[in-house]
Amino acid sequence: MQDIAVFFDDSDLGQSILETGAHLARDQNARLIGLASNEKNDATPEDGFARGEGIVDVIRRLESSSESHLLHASQSLANVAGRYGVTAEFRVIPYFGSDIDMQLNSFYSDLLLVGYPEALGTPFAWSSIKALQQTGVPILIVPRAWNGRAIARRITVAWNASRQARRAVADAFPLLLAAEAVDLLIVDPERRAERYGEDPGADMAAYLSRHGVQVNLRRASSQGRPVAETIVAHALEMNSDLIVFGAYSHSRISEAVLGGVSRTLLAEVPLPLFVSY
């Protein structure tokens, strides 16, 4: 994973999200891209792609503008990057910008971090579902309670042998490889036995192991509870700091309406979620 982007602002919560992004960028030896929205649209175009020492020039230009929150955000990014020893880039996205603005600043990253329930620093019309559907770039949703802590040391992968779950595994592979432990979790494998074969999850666990992932195959019964609740309960019991899952939608319904498990996890966000589409 080479480029990790994070939406943030100069609030305490925004700084917490930035801190989490810096943790991850250091662990992945990746570049940290700080994204912030400019409500008044008065940042210069070159402010949108400042790198390395160029961040200092951005700070100087913003000092004479009315966008003090962008000044503070850019200073915070430079400070955090220095403390964690990562390369940083600062980008400004117009608050009332088009979907194209969002896409152009997401396409060229490997992962996008946002806060929850407040996705701070995002443009006016931004949403995680729209971003997933329009760009295909995976999103890491970090709840307020996480408070800047490191993530992806112990990962739970929600596996149901679907295309979406397979895509999530592929997108999260750099994180899985670097993790101390990965649980490949199947809930109620008997419900769709035809998907898994004779030994549910064994083939995927073997695949991950051959590629260097420290994986444990886990099977759980929902016992009548919602599947999402079972996934979260397992992750908390195993002290996981990340859940990886594939979101999906029904083609016959509005594309914004996600499947039940995806919808529940995205609505509650009890711990960091890596969402792929």
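Residues numbered from 1 in each chain as written. Predicted model: local features only at pLDDT ≥ 70, side-chain atom pairs only at ≥ 80, totals over all residues. Heavy atoms only, no water.

Asks: Just to check I follow, could you spell out the environment of Arg-144 for this structure?
Replies: Residue placement: Arg-144 occurs in the loop between β6 (139–143) and β7 (154–158). Between the alpha carbons of Arg-144 and Ile-17 there is a distance of 8.3 Å; along the sequence they are 127 residues apart. Sequence-distant contacts of Arg-144, defined by excluding residues within four places in its chain, comprise Leu-13, Tyr-116, Pro-117 and Glu-118. At a separation of 2.8 Å, a polar atom in the side chain of Arg-144 contacts the side chain of Glu-118. (Helix = DSSP H or I, 4+ residues; strand = E, 2+ residues; numbered from the N terminus. Contact = heavy atoms within 4.5 Å. Polar contact = N/O pair within 3.5 Å; in protein donor to acceptor, adjacent residues only side chain to side chain.)

Asks: Explain helix α1 (residues 12–28) here, please?
Replies: Since there are 3.6 residues in each turn of an α-helix, residues three or four apart along the chain are aligned in direction. Taking 1.5 Å of rise per residue, 17 residues should cover 24 Å, and α1 covers 24 Å from first to last C-alpha, within 8% of that figure. Most of α1 sits out of view: 13 of its 17 residues are buried. One or two positions beyond α1, positive phi appears at Asn-29, with a value near 55°. (Expected span 1.5 Å × (residues − 1). Buried < 20%, exposed > 50% of the residue type's maximum accessible area, 1.4 Å probe, protein only.)

Asks: When you look at the pairing of β7 in this model, what are you seeing that I'm missing?
Replies: With 4 of 5 residues buried, β7 is to be regarded as a mostly interior element. Sheet topology places β7 next to strand β8 (residues 181–187); 5 bridges connect them, and they run parallel. Counterpart to Thr-156 in the pairing with β8 is Asp-183. In the sheet, β7 pairs with strand β10 (residues 242–246) via 3 bridges, with the strands oriented parallel. Considered in β10, the bridge of Thr-156 is made with Ile-243. (Pairing = 2+ DSSP bridges.)

Asks: What am I meant to see in the packing of aromatic side chains here?
Replies: The geometry of an aromatic ring pair comes down to the distance between the two centres and the angle between the two planes. Going through the model one piece at a time under the given rule, you end up with 1 aromatic pair. Taking the centre distance of 6.4 Å and the plane angle of 80° together, the rings of Phe-173 and Tyr-207 count as edge-to-face. With Phe-173 in helix α7 (residues 173–178) and Tyr-207 in helix α9 (residues 202–210), the pair connects residues that are 34 residues apart, well separated along the chain. Taking relative accessible area as the criterion, Phe-173 reaches 14% and is therefore assigned buried. Judged by relative accessible area, which is 23%, Tyr-207 ranks as partly exposed. A cation over a ring is seen here: Arg-149 above Trp-146, with NZ or CZ 3.9 Å from the ring centre. (Phe/Tyr/Trp six-rings, centres within 6.5 Å; stacked < 30°, edge-to-face > 60°. Lys NZ or Arg CZ within 6 Å of the ring centre and 35° of its normal.)

Asks: Which parts of the structure should I look at to understand unusual backbone geometry?
Replies: For residues that are not glycine, phi is negative in most cases, and the peptide bond is trans in most cases. Cis geometry is adopted by the peptide bond preceding Pro-117, which originates at Tyr-116 and carries an omega value of 5°. Along the chain, Pro-117 falls in the loop between β5 (111–116) and α5 (128–135). Look at Asp-188: it is not a glycine, yet its phi comes out positive at around 50°. Among the structural elements, Asp-188 can be located in the loop between β8 and α8 (193–196). Judged by its relative accessible area of 5%, Asp-188 is buried. Positive phi, close to 60°, is recorded for Asn-239, a residue that is not glycine. Its place among the elements puts Asn-239 in the loop between α10 (227–237) and β10. Look at Asn-239 and you get exposed, because its relative accessible area is 59%.

Asks: I'm lost on the nonpolar core in this one. Help?
Replies: Judged by nonpolar contacts, the single largest core of 78 residues is most densely connected at Leu-24, Ile-155, Leu-176 and Leu-208. Considering every element that reaches this core, the biggest residue donor is helix α3 (residues 68–84), with 6 residues. Leave out the neighbours within four places in its chain, and Ile-155 touches Leu-175, Leu-176, Ala-179, Ala-181, Val-182, Asp-183, Ser-240, Leu-242 and Val-244. (Core = buried A, V, L, I, M, F, W, Y, C linked by side-chain atoms within 4.5 Å.)

Asks: Would you mind showing me how to read the pairing of strand β2 (residues 31–38) here?
Replies: It is a general feature of regular strands that their side chains alternate between the two faces of the sheet. Here β2 lies mainly inside the structure; 7 of its 8 residues are buried. Where strand β1 (residues 3–7) and β2 come together, 5 bridges link them in parallel fashion. What sits directly across from Phe-7, in β2, is Leu-35. Taken together, β1, α1 and β2 form a β-α-β motif whose crossover is right-handed. Note that β2 and strand β4 (residues 88–94) share 7 bridges and pair parallel. Residue pairing for β4: Leu-35 is matched across the bridge by Arg-91. (Right-handed = clockwise from strand over helix to strand, strands pointing away.)

Asks: Just checking my understanding: could you explain the pattern of salt bridges for this structure?
Replies: Between side chains of opposite charge, pairing is possible as soon as their charged atoms come close. On inspection of all chains with the given rule, the structure shows 9 salt bridges. As a salt-bridge pair, Arg-144 and Glu-118 come within 2.8 Å of each other at their nearest N and O atoms. With Arg-144 in the loop between β6 and β7 and Glu-118 in the loop between β5 and α5, this pair connects stretches of sequence that are 26 residues apart. When its relative accessible area of 45% is taken as the criterion, Arg-144 is described as partly exposed. Residue classification places Glu-118 among the partly exposed residues on the basis of a relative accessible area of 30%. Salt-bridge contacts for Arg-167 lead to Asp-171; the nearest nitrogen and oxygen are separated by 2.9 Å. Taken together, the residues span about one helical turn, with Arg-167 and Asp-171 both in helix α6 (residues 163–171) at a distance of 4 residues. Using a relative accessible area of 30% as the deciding quantity, one classes Arg-167 as partly exposed. Classification of Asp-171 by relative accessible area gives buried; the value is 18%. (Salt bridge = Lys/Arg side-chain N within 4 Å of Asp/Glu carboxyl O.)

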